[in-house]
Amino acid sequence: MYTIEVHNLTKRFGSFTAVNNISFQVKRGEIFGFLGANGAGKTTAMKMMCGLLLPTSGTARIAGYDLKTESKQIKKEIGYMSQRFSLYDDLTIKENMTLFGTIYKVPKQELNERIEGHLTELNLMKHKDQLVSSIPLGWKQKLAFSTALLHHPKIVFLDEPTSGVDPIVRREFWSLIYKAAAQGVTIFITTHYMDEASYCERISIMAEGDLKLIGTPTELKIQMGVNTIDELFTHFVNR
Amino acid sequence: MRIILMLIKKEFLQVFRNRLLISILIVAPLVQFLIFPFTADYEIKHISIAFWDQDHSTLSREIIEHFRHSSHFIDCGFIDSEAEKEEALLHDHVDFILQFPPHFEKQMVRGEESQIAITANAINSVKAGIGSDYIKNVLTGFFESKEEGTPPSIKKMTSISINHIHWYNEKMNYQNIMVPGILVILVTLIGSYVTALNIVREKEIGTIEQINVTPILKWQFLVGKMIPFWILGMLEFIVGLILMVFFFGISIQGSTTTLLGATAIYLLVMLGLGFFISFVSKNQLQAMFIVFFLFVIYVLLSGLFTPTEGMPEWAKWINFANPMSFYMDIIKLVILKGAGLREIASQVLILSGMAVGINIAALLSYSDKIN
């Protein structure tokens with residue numbers, strides 16, 4: 001059973017093709033790594049899947065709904081964490097969570113319990129009334145991830161969630177990802193870190209708008225005759 | 001409903017944490033009210049005048065004395081030649097020169113025609129115009145006070161006099177016009193400027209993307225933005241109204257409720273305009289420029305500084321698209337004339353139409369997708 005089915009998705013900006021006719025499927029509960037160099041079209045593809053960007057052509061079914069005709073339903077079922085931190089800087093940790101939880105119509109009592117659960121898990125309980133502008137980047141990223149999970153989405157889209165954070169926070173972040181995946185949430189993640197790519201169950205590599213490869217990290221290494229994902233990546237990016 | 005309440009709460013939390021915005025909201029009306037009404041004033045108080053008496057008669061001297069005793073004029077003494085006259089005008093030493101020709105008195109007594117020449121330094125046309133009026137008034141007053149013994153020709157001349165009575169603003173107090181005008185400017189700025197910048201800022205820092213990825217409905221987002229800024233605008237208006245009544249002593253002739261109701265509608269127009277601008281502009285700079293551009297046109301055409309009646313036809317047509325001119329009308333009519341709802345009905349209707357139109361346009365221009 002696939003929860004993401006992408007068929008011939010294309011996005012052109014004028015004469016420039018950012019995403020060129022890509023097709024792939026992602027299984028429910030899978031951690032799917034979406035790799036590619038800067039400008040390969042990862043963010044554009046992700047934004048189309050989240051309903052933030054209109055595709056030029058092609059279709060997709062996200063969480064069982066059609067991207068073109070049922071985008072409202074899709075939005076209820078997905079969580080999204082943008083490349084750029086985009087929670088409100090001038091609200092506190094708790095205010096941000098309450099705001100987004102409310103927009104997703106999580107019942108009040110239930111929402112408070114979930115927020116408390118997340119904050120305890122993140123060890124941020126005693127900082128819950130701190131303005132987000134004053135907390136370190138690592139906390140911000142974990143907060144953004146937890147906020148994206150508040151309404152119990154079926155799929156979470158993470159756009160370079162760990163760029164710029166230190167290795168310890170990255171490890172903590174990945175344990176959060178595993179935990180969510182274990183609860184059945186599908187994780188769709190873009191990253192630049194090749195070690196992170198090997199944490200994924202399956203990965204794909206995009207270059208210049210094309211989807212070059214897709215498979216488990218081990219399969220792909222054997223298929224291309226390389227030892228590390230790093231080599232795999234450079235192979236496509238340099239071509 | 002819960003979502004909208006949450007959005008309103010969020011907006012207020014942000015507004016009250018934004019020190020710059022808060023100080024603008026508090027300081028702007030105070031500064032505008034404390035400076036503008038005192039400086040934007042068409043009344044001319046200090047008119048300097050020089051005399052060129054070629055007659056040296058009792059009559060000419062009496063007239064000159066009369067001017068010297070008037071509080072509107074500053075006496076700049078006498079001049080004695082054409083060269084001096086030019087010099088004085090050229091270097092802006094005087095605004096007016098009053099010239100009595102030779103044999104002035106003799107001619108007047110004989111009932112012949114004689115002329116006093118008034119030369120105005122018209123570099124400031126307003127001063128020249130109003131000053132001439134003052135001078136004519138003083139001359140008329142002089143001859144009237146001399147009723148007996150006044151030659152018939154002068155009597156004839158003074159028998160026609162123009163009396164100005166300014167209705168609804170009897171003392172020609174410009175504050176009575178400027179202060180309500182500033183109220184209009186305040187409400188306009190809060191409504192359009194602050195909202196436009198607020199939303200474009202969300203675009204710039206990317207928070208709007210996080211909102212757009214949620215299942216929130218467009219109108220919910222708009223209403224959630226609209227209500228807080230509407231409340232702020234109304235509060236700002238009420239503060240302005242209180243300042244107007246208690247600090248400037250301008251009482252509201254009409255009904256305060258009517259005034260508040262009209263403001264509520266006008267604010268909706270301005271908020272919608274702010275939304276529309278924020279959705280079509282890419283960054284705060286663009287939004288600021290568009291608002292500023294519209295604002296200048298609105299103010300100039302609104303009738304605050306110059307009467308709309310004197311504008312060319314095409315400007316009047318443009319004014320039909322200028323919500324500020326309708327609101328300015330309402331404010332002046334209700335505050336100064338005591339107009340009731342019936343007298344301002346057409347303006348209110350037009351503003352309501354504009355409010356609906358611009359907000360629909362805003363809703364349509366708000367796309368949760370980037371193209």
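See the structure shown above.
The rules we used
- Each chain has its residues counted from 1, following the order in which its sequence is written.
- Following the order in which they are written, the chains are lettered starting with A and the ligands numbered starting with 1.
- This being a predicted model, a pLDDT of at least 70 is required before a residue's local features are given, and a value of 80 or more before pairs of side-chain atoms are given or counted; all residues contribute to the totals for chains, interfaces and linings.
- In computing side-chain properties, one takes all heavy atoms of the structure into account and sets aside hydrogens as well as water.
- In this text, helices come from DSSP runs of H or I with a minimum length of four residues, and strands from runs of E with a minimum of two, each type numbered from the N-terminal end.
- When we talk radius of gyration, it's over C-alpha atoms, and the globule rule is simply 2.2 Å times the number of residues to the 0.38.
- Each residue is placed in one exposure class: buried if its accessible area under a 1.4 Å probe, protein chains only, is under 20% of its type's maximum, exposed if it is over 50%, and partly exposed if it falls in between.
- Contacts between residues were defined by any pair of non-hydrogen atoms, one from each residue, lying within 4.5 Å.
- Here the accessible surface of atoms and residues is derived via Shrake-Rupley with a 1.4 Å probe, and residues count as covered only by protein chains that are part of the display.
- Accessible surface is computed with a 1.4 Å probe, and the buried area is the amount of it that two parts give up when combined, taken over both parts together.
- The term salt bridge refers to a side-chain nitrogen of Lys or Arg lying within 4 Å of a carboxyl oxygen of Asp or Glu.
- Here a polar contact means two N or O atoms within 3.5 Å. Within protein one must be a hydrogen donor candidate and the other an acceptor candidate, and residues neighboring in sequence count only if both atoms are side-chain atoms.
- Basically, the charged four are Asp, Glu, Lys and Arg, the nonpolar ten are Ala, Val, Leu, Ile, Met, Phe, Trp, Tyr, Cys and Pro, and anything else, Gly included, counts as polar.
- A pair of strands is labelled paired if DSSP reports no fewer than 2 bridges between them.
- The term nonpolar core refers to a set of buried residues drawn from Ala, Val, Leu, Ile, Met, Phe, Trp, Tyr and Cys, joined through side-chain atoms within 4.5 Å.
- Note on definitions: angles span 0 to 180 degrees between N-to-C directions of axes, and those axes are lines fitted to C-alpha atoms, for helices only across the stretch in contact.
- For classification, angles of less than 35 degrees are called roughly parallel, those exceeding 145 degrees roughly antiparallel, those between 65 and 115 degrees roughly perpendicular, and all remaining angles oblique.
- Crossing chirality is assigned from the near helix's rotation relative to the far helix, an anticlockwise turn below a right angle marking it left-handed and a clockwise turn marking it right-handed.

**Describing the overall build of chain B**
Here's step 1: For chain B, the helix and strand inventory stands at 15 helices and four strands.
Here's step 2: For 371 residues, the compact-globule estimate of 2.2 N^0.38 gives 21 Å, and the C-alpha radius of gyration of chain B, at 29 Å, exceeds that figure by more than 25%.
Here's step 3: A principal-axis box enclosing the C-alpha atoms of chain B has dimensions of 95 × 45 × 40 Å.
Here's step 4: Among the 371 residues that make up chain B, the fraction classed as buried is 47%.
Here's step 5: Put simply, 77% of the contacts in chain B that link residues at least 6 apart link residues at least 24 apart.
Here's step 6: As presented, chain B carries roughly 19,100 Å² of accessible surface, and 64% of it is formed by carbon and sulfur atoms.

**With respect to the side chain of A:D159**
Here's step 1: With respect to the secondary-structure elements, A:D159 resides in strand β7 (residues 155-159).
Here's step 2: Each residue touching A:D159, except ones within four places of it in the same chain, is listed here: A:T43, A:M46, A:M81, A:S82, A:Q83 and A:T190.

**Observations regarding the interface of chain B and chain A**
Here's step 1: Across the contact, 28 residues belong to chain B and 35 residues belong to chain A.
Here's step 2: Taken as a group, B:R2, B:Q210 and B:V213 account for 21% of the area that chain B buries against chain A, more than any other trio of residues on that side.
Here's step 3: Between chain B and chain A we count two salt bridges in total.
Here's step 4: The interface formed by chain B and chain A includes twelve residue pairs in polar contact (both at pLDDT 80 or more).
Here's step 5: Mapped onto the side of chain B that touches chain A, the elements with two or more residues apiece are α1 (2-17), α8 (175-205) and α9 (207-212) of chain B.
Here's step 6: Counting residues per element, the side of chain B that touches chain A draws most heavily on α1(B), at eight residues.
Here's step 7: Of the residues assigned to the side of chain B that touches chain A, the class counts are eleven nonpolar, seven polar and ten charged.

**Quick notes on the pairing of strand β8 (residues 186-190) of chain A**
Residue and element names in this part refer to chain A.
Here's step 1: Burial runs high along β8: five of the five residues are buried.
Here's step 2: Taking every second residue as pointing to the same face, both faces of β8 are buried, with T186, F188 and T190 on one and I187 and I189 on the other.
Here's step 3: As paired elements, strand β3 (residues 31-36) and β8 share four bridges and run parallel to each other. Counted as the bridge partner of G33 is I189 from β8.

**Examining the pattern of salt bridges**
Two side chains with opposite charge may pair up if their charged atoms get near one another.
Here's step 1: By the definition in use, this model includes 21 salt bridges over all chains.
Here's step 2: Between A:D129 and A:K128 there is a salt bridge, with the nearest N and O atoms lying 3.9 Å from each other.
Here's step 3: The exposure class of A:D129 is exposed, given its relative accessible area of 57%.
Here's step 4: A residue is classified by how much of its surface remains accessible, and A:K128, at 25% relative accessible area, is partly exposed.
Here's step 5: One connected set of salt bridges, linked through shared partners, spans B:K10, B:E11, B:E202 and B:K225.

**Side note on the nonpolar core**
Here's step 1: A:I4, A:F24, A:I62, A:F145, A:F157, A:I187 and A:F188 are the most contacted members of the largest nonpolar core, which has 101 residues in total.
Here's step 2: Among the elements that take part in this core, helix α6 (residues 167-182) of chain A stands out by supplying six residues, more than any other.
Here's step 3: Counting residues in each nonpolar core, the second largest holds 51 residues, with B:F33, B:M178, B:A262 and B:I277 among its members.

**A word on the packing of helix α3 (residues 93-103) of chain A against helix α5 (residues 137-149) of chain A**
All names here are of chain A.
Here's step 1: Here α3 crosses α5 at 25 degrees, and the two axes come no closer than 9 Å. Judged on the interaxial angle alone, α5 and α3 are roughly parallel. Crossing of α3 over α5 shows right-handed handedness. Between α3, through I93, M97 and F100, and α5, the contact on the second element is made entirely by L143, S146 and T147.
Here's step 2: Grouping the constituent residues of the contact of α3 with α5 by class yields four nonpolar, two polar and no charged.

**Details of the sheet that holds strand β4 (residues 57-62) of chain A**
All names here are of chain A.
Here's step 1: The strand order across the open sheet formed by four strands is β2-β1-β4-β5, and the pairing between neighbours is antiparallel. At either margin of the open sheet sits one strand with a lone partner, and together these are β2 (16-27) and β5 (65-66).
Here's step 2: In this sheet, β2 lies alongside strand β1 (residues 2-13) in antiparallel orientation, the contact comprising eight bridges. Opposite I4, over in β2, you have V26 as the bridge partner.

**Description of the sheet that holds strand β2 (residues 73-78) of chain B**
All names here are of chain B.
Here's step 1: Ordered by their spatial adjacency, four strands build an open sheet running β2-β1-β3-β4, and the pairing between neighbours is mixed. What marks the edges here is a single partner per strand, and that holds for β2 and β4 (117-120). In this sheet, neighbouring strand axes are inclined to one another by 25 degrees on average, regardless of whether the strands run parallel or antiparallel.
Here's step 2: In terms of strand pairing, strand β1 (residues 47-53) meets strand β3 (residues 96-100) through five bridges, oriented parallel. Bridged to D53 within β3 is F100.
Here's step 3: In the packing of helix α3 (residues 58-68) onto the sheet, contacts are made with β1, β2 and β3, and the angle to β1 comes to roughly 170 degrees.
Here's step 4: On top of the sheet, helix α4 (residues 82-90) reaches β1, β2, β3 and β4; it is set at about 160 degrees to β3, its chief contact.

**Observations concerning unusual backbone geometry**
All names here are of chain A.
Here's step 1: The backbone of H152 shows a phi angle near 50 degrees, a positive value even though the residue is not glycine.
Here's step 2: Along the chain, the position of H152 falls in the loop between α5 and β7.
Here's step 3: For H152, a relative accessible area of 52% puts it in the exposed group.

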